[in-house]
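Summary of the model geometry
If you want the building blocks of each chain, they are given just below.
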Amino acid sequence: MTTAWTAAYSPDDGGLDDRVPFLARLETEDRSALLSLGRELTFTPRMVLIHQHEPSSHVLFLVNGWTKVTASAANGYEALLALRGPGDVVGESAALTGRPRSATVTALEAVRAVAVEHERFRGFLGDRPAVSFALLGLTADRTRAADRRRLEFASMSVRERFAVLLLDLARMHGRRTAEGVELCVPLSKQELAGSVGASREMVQRLLRELRDKEAVATGRRTLLILRPDILRRIAAAGPAAGVPSPPRPREQ
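What you see as residue numbers is a count from 1 along each chain, following the sequence as written. Local features in a predicted model are, by the rule used here, given only for residues with pLDDT of at least 70; side-chain atom pairs are given and counted only at 80 or more, and totals for whole chains, interfaces and linings are based on all residues. For the side-chain quantities, the full set of heavy atoms in the structure was used; hydrogens and water were omitted.

Right, let's get into the layout of surface pockets. Of the two site types, the cavity is a set of points on a 1 Å grid over the protein atoms alone where a 1.4 Å probe fits but cannot get out, and the pocket is an open set with protein on both sides within 12 Å along at least five of seven lines, each lined by residues with an atom within 4 Å of a point. Grid points are joined across faces, edges and corners, and a volume is the space filled by probe spheres set on the points. Here the largest pocket is characterised by a volume of approximately 1700 Å³. In terms of lining residues, the largest pocket is bounded by 50 residues, among which Asp18, Leu81, Ala82, Leu83 and Arg84 are the most central. Helix numbering and strand numbering both begin at the N terminus, where a helix is a DSSP run of H or I of at least 4 residues and a strand a DSSP run of E of at least 2. Elements with a contribution of two residues or more to the lining of the largest pocket: strand 5 (78-84), strand 6 (89-90), helix 3 (92-97), helix 5 (129-154), helix 6 (158-173) and helix 7 (189-196). Tallying contributions element by element places helix 5 first for the lining of the largest pocket, with ten residues. Residue type decides the class: Asp, Glu, Lys and Arg count as charged, Ala, Val, Leu, Ile, Met, Phe, Trp, Tyr, Cys and Pro as nonpolar, and the leftover types, Gly among them, as polar. Class assignment for the residues of the lining of the largest pocket results in 25 nonpolar, eleven polar and 14 charged.

In structure tokens form, the structure reads like this:
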């Protein structure tokens, strides 16, 4: 099976982090054996792969396409927890604990995945310790990244957190255009708000401020970053300061 993520992600001497997906952490033989246990499924954009609170029967390994992971509170507040793409695993927590799904996973574009039943997945982990350790490492990396982000956000205002979020999305999911950096993942204002612990109304105000500064341009579920340097200043040169600036227009 030829996939883009096998080349896009490779461990270096500095070790792995939470952005290196599960399948890329496995030896070729283990990866092929694991995927051979399941059946291939396809999902269209906006289709739900996994529903929060539902019983769990299988684990999904994403082969192509990006998804969003969201969770809703009892009062209806919805938060964007993560974006998962090629090589990632989703639904593994419920498979290992036997608890209902803790989040909803929705396709952002056409997605191809392999579904492996819980019993087969757990049996495979028992037979192949290296795969178990890879999954444990992924869980630890994701937890460490979440803890680091919570610590960073605790010292920031909502405005600063929102700037950092936009810069992160631009770096990981941005496409360079003549005008700026276009975010390739369609996210709602509520999902953006949930990512920074704010209300939808606050995100609307922040986007309006950024439009007034000509830092961003927005449309229906589209966002174009025109001046990442402005976002960097707002974020106080935060962890996402590596986004390249788009070409500036030449003076006439």
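After presenting the structure, the write-up continues.
Given the number of residues in a helix, its expected span is that number minus one, multiplied by 1.5 Å. For helix 5, spanning 26 residues, the distance from its first C-alpha to its last is 37 Å, which sits close to the expected 38 Å at 1.5 Å a residue. Taken residue by residue, helix 5 has Val131, Ala134, Leu135, Leu138, Asp141, Arg142, Ala145 and Phe153 as its buried positions. In this scheme, a residue with accessible area under 20% of its type's maximum is buried, one over 50% is exposed, and one in between is partly exposed, where area comes from a 1.4 Å probe on protein chains only.

A separate point is the nonpolar core. As used in this record, nonpolar core signifies buried Ala, Val, Leu, Ile, Met, Phe, Trp, Tyr and Cys residues forming a set joined through side-chain atoms within 4.5 Å. Ranked by internal contacts, the top residues of the largest apolar core, which has 33 residues, are Phe162, Leu166, Leu169, Leu210 and Ile225. For this core, the secondary-structure elements that each account for two or more residues are strand 5, helix 6, strand 10 (181-183), helix 7, helix 8 (200-212), strand 12 (222-225) and helix 9 (228-234). Broken down by element, this core gets its largest block of residues, eight residues, from helix 6. Of all hydrophobic cores here, the second largest spans 21 residues; its members include Phe22, Val59, Ala95 and Leu125.

What follows covers empty space enclosed by the protein. All told, the structure shown has one cavity of 30 Å³ or more when counted by the stated rule. In this structure, the largest cavity spans a volume of roughly 50 Å³. If you trace the largest cavity, you find it lined by Arg159, Phe162, Ala163, Leu206, Glu209, Leu210 and Ile234. Only helix 6 and helix 8 provide two or more residues apiece to the lining of the largest cavity. Residues that form the lining of the largest cavity fall into these classes: five nonpolar, no polar and two charged.

Turning our eyes to something else, we now look at unusual backbone geometry. Positive phi, close to 75°, is recorded for His53, a residue that is not glycine. With respect to the element layout, His53 can be found in the loop between strand 2 (48-50) and strand 3 (58-64). The backbone of Glu214 sits at a positive phi, close to 60°, despite the residue not being glycine. Tracing the sequence through the fold places Glu214 in the loop between helix 8 and strand 11 (216-219).

Scored from 0 to 100, pLDDT records how confident the predictor is in each individual residue. Predicted confidence across the protein chain gives a mean pLDDT of 85, with 87% of residues reaching 70 or more. Any two residues whose heavy atoms approach within 4.5 Å are treated as being in contact. Contacts from residues 6-15, a stretch scored under 50 in pLDDT, to residues over four places away or in other chains number eight contacts. Counting contacts from residues 237-252, a segment whose pLDDT is below 50, to residues more than four positions away or on other chains yields 33 contacts.

With that out of the way, let us pick up the environment of Ile50. Within the element layout of this structure, Ile50 appears in strand 2. With near-sequence residues (within four places) excluded, Ile50 lies in contact with Leu60, Val90, Gly91, Arg101, Ala103, Thr104 and Val105.

Right, let's talk about the packing of helix 4 (residues 118-127) against helix 5 for a bit. Here, axes are lines fitted to C-alpha atoms. For helices the fit covers the stretch in contact, and angles between N-to-C directions go from 0 to 180 degrees. The N-to-C vectors of helix 4 and helix 5 enclose an angle of 110°; their axes lie 5 Å apart at closest approach. Taken together, the axis directions place helix 4 and helix 5 in an arrangement best described as roughly perpendicular. Contacts from Phe121, Phe124, Leu125, Gly126 and Asp127 of helix 4 reach helix 5 at Pro129, Val131, Ser132 and Leu135. Just so you know how the angles are binned, under 35 degrees is roughly parallel, over 145 roughly antiparallel, 65 to 115 roughly perpendicular, and the rest oblique.

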